[in-house]
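Coordinate analysis (summary)
Spelled out from the first residue to the last, the chains are:
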Amino acid sequence: MATVAPVSRETFQLADHTFNSRLIIGTGKYRTHEEMKQAHRASGAEMATVAVRRVPLDRSVESFLDHLDPSLKILPNTAACYTAEDAIRTARLAREALGTNWIKLEVIGDQTTLFPDNEQTLEAARTLIREGFTVLPYFSDDLIMAKKLLDAGCAAVMPLAAPIGSGLGIQNRVNLRIMREQLPDATIIVDAGVGTASDAAIAMELGADAVLMNTAIAEAREPEAMARAMRLAIEAGRLAYLSGRMPKRLYASASSPVTGAID
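Residues numbered from 1 in each chain as written. Predicted model: local features only at pLDDT ≥ 70, side-chain atom pairs only at ≥ 80, totals over all residues. Heavy atoms only, no water.

All right, on to helix H3 (residues 118–130) then. Between its terminal C-alpha atoms H3 stretches 18 Å, which fits the 18 Å expected from 13 residues at 1.5 Å a residue. Along H3, the positions that sit buried rather than exposed are Asn 118, Thr 121, Leu 122, Ala 124, Ala 125, Thr 127, Leu 128 and Ile 129. At its buried positions, H3 is contacted by helix H2 (84–98), strand E6 (102–105), strand E7 (134–139) and helix H4 (143–152). Taking the backbone nitrogen of Glu 119 as reference, a side-chain oxygen 3.2 Å away marks Asp 117 as the first, capping residue of H3. Positive backbone phi, approximately 90 degrees, marks Gly 132, located one or two places after H3. (Helix = DSSP H or I, 4+ residues; strand = E, 2+ residues; numbered from the N terminus. Expected span 1.5 Å × (residues − 1). Buried < 20%, exposed > 50% of the residue type's maximum accessible area, 1.4 Å probe, protein only. Contact = heavy atoms within 4.5 Å. Polar contact = N/O pair within 3.5 Å; in protein donor to acceptor, adjacent residues only side chain to side chain.)

Attention shifts here to helix H5 (residues 173–182). Restricting attention to buried positions, one finds in H5 the residues Leu 176, Met 179 and Arg 180. Buried residues in H5, looked at end-on, bunch into an arc of 95 degrees, giving them a common side. For H5, the exposed residues lying more than 90 degrees away from the buried face are Val 174, Arg 177 and Glu 181. Looking at the packing, one finds that the buried side of H5 touches E7, H4, strand E8 (158–159), strand E9 (189–191) and helix H8 (223–243). (Arc of directions from axis to C-beta.)

Here we take up the pattern of salt bridges. A full pass over the atoms with the stated rule returns 13 salt bridges. Arg 238 is the partner of Glu 10 in a salt bridge, and the nearest nitrogen-oxygen pair spans 2.7 Å. With Glu 10 in the segment before strand E1 (12–14) and Arg 238 in helix H8, this residue pair connects regions lying 228 residues apart in the sequence. In this pair, the class of Glu 10 matches that of Arg 238, namely buried. Note that Asp 209 is salt-bridged to Arg 180, the shortest N-O span being 2.9 Å. With Asp 209 in the loop between helix H6 (197–205) and strand E10 (210–213) and Arg 180 in helix H5, the pair connects residues that are 29 residues apart, well separated along the chain. For the pair formed by Asp 209 and Arg 180, the shared burial category is buried. Through salt bridges that share partners, Arg 53, Glu 85, Asp 86 and Arg 89 make up one connected network. (Salt bridge = Lys/Arg side-chain N within 4 Å of Asp/Glu carboxyl O.)

By themselves these figures say nothing about function.
This is the structure in structure tokens:
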């Protein structure tokens, strides 16, 4: 019988970078900078996403950028952009200011739901990839769009689980399961909608390579404790996926075999 390597020894390859953690963490909504730092440490995350349009990149005033652990890889994002042109401009600004060609691409299509505009996202991705960016696009959980983004050269795809900041958990497990089965070699990172640890575990059990979250930790009553819970949930979900769950059955199946039982 094949054995499964401990999750603690497993690495996660994303583009040209190797990570030990499959949890990507956010930087917004924390009540204090100290609370953010404590949560980041507890999470074990090695990459943090930063909203380019919501921080002073020139460091003219203090912000959470001044409180990030220097060991964290910064992943700038284009949150609050509503057109491909705006997202491209923001990504270029991030590269100049933060010295990285990695970008979490977000092009929002609706102000109320914050659902992504998949067509504008694809347009922006193609331009940024031609310019040498490592593009990680946030998009609706749509298999066809995932294929188009990967064909364009995106390093990974980041389907939503539910609306940003909603905490509703995974609303369409079928789409994520199909995406994993149809794209076995793609890097899939579930982004947006996680509310608690069980949501993160389910995402990993469905075959996600990683989970990105912010609000679920930042708005928890105890962010540091929730960050630790998320860390453990990611590990448990990954191990469950690798282990292969038992098949579901309509009827009961005795836990003890009857063969050889005393009559």
